Amino acid sequence: MSDDEILRRLDGHLATANEHMARGNEHMARGNEHMARGNELFVELRELMRGMRRDSREFRAELGQQRRHNEAVHQAMIAELREGRSVLRDLVSESRAQRQALLRILDRMSGDGPAAAGNA
C-alpha cells in the first residue's frame, strides 16, 4: 500500500471521527441545554417552595394540588436528565470504541502494537 493510499485512508478515518465528534458535540450541547433547563426548573421550584412555607396558612388547600404538579415537574426533569445521561454514556462508549478501532488500524498500518504482534 502506497503512502498516498495510507494517507487517503487515514484522512477518511479522521473525517469519520470528526463527524462522530461533531455529532457528539451536538448531543453534548443538547444535554447541556437540558441540564440548564433542569437547573432553571429547580431554582423555580425551590423559590416556589420557600413562598409556600411563608404563606402556608393561606395556601394549605392549594398545597396538595401544587405538590402533584411539582412531582410531575420533577419526573419530567428526571426523565430528561436520564435521557441526557444515557446519550452521554452512549457517546462516551462510541468515542472509546472509535478511538480503539482507530488505534488498531494505526497499529496495523505501522506494524507496531498488539495487532501487529498477533499478525506475526
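It should be noted that the structure appears before, not after, this text.
Here goes a summary of the coordinates provided. (Residues numbered from 1 in each chain as written. Predicted model: local features only at pLDDT ≥ 70, side-chain atom pairs only at ≥ 80, totals over all residues. Heavy atoms only, no water.)

1. What to know about the pattern of salt bridges
Item 1. Taken as a whole and judged by the stated rule, the model has four salt bridges.
Item 2. Between R8 and E5 there is a salt bridge, with its nearest N and O atoms 3.1 Å apart. Note that R8 and E5 are positioned in helix α1 (residues 3-54) at a spacing of three residues, about one turn of the helix.
Item 3. Classification of R8 by relative accessible area gives exposed; the value is 51%.
Item 4. Between R37 and E40 there is a salt bridge, and its shortest N-O distance comes to 3.4 Å. Of this pair, R37 and E40 both sit in helix α1, three residues apart, which is roughly one turn of the helix. (Salt bridge = Lys/Arg side-chain N within 4 Å of Asp/Glu carboxyl O. Helix = DSSP H or I, 4+ residues; strand = E, 2+ residues; numbered from the N terminus. Buried < 20%, exposed > 50% of the residue type's maximum accessible area, 1.4 Å probe, protein only.)

2. Some remarks on the environment of E80
Item 1. Note on placement: E80 falls in helix α2 (residues 60-110).
Item 2. The sequence separation of E80 and H34 amounts to 46 residues, and the corresponding C-alpha distance is 6.7 Å.

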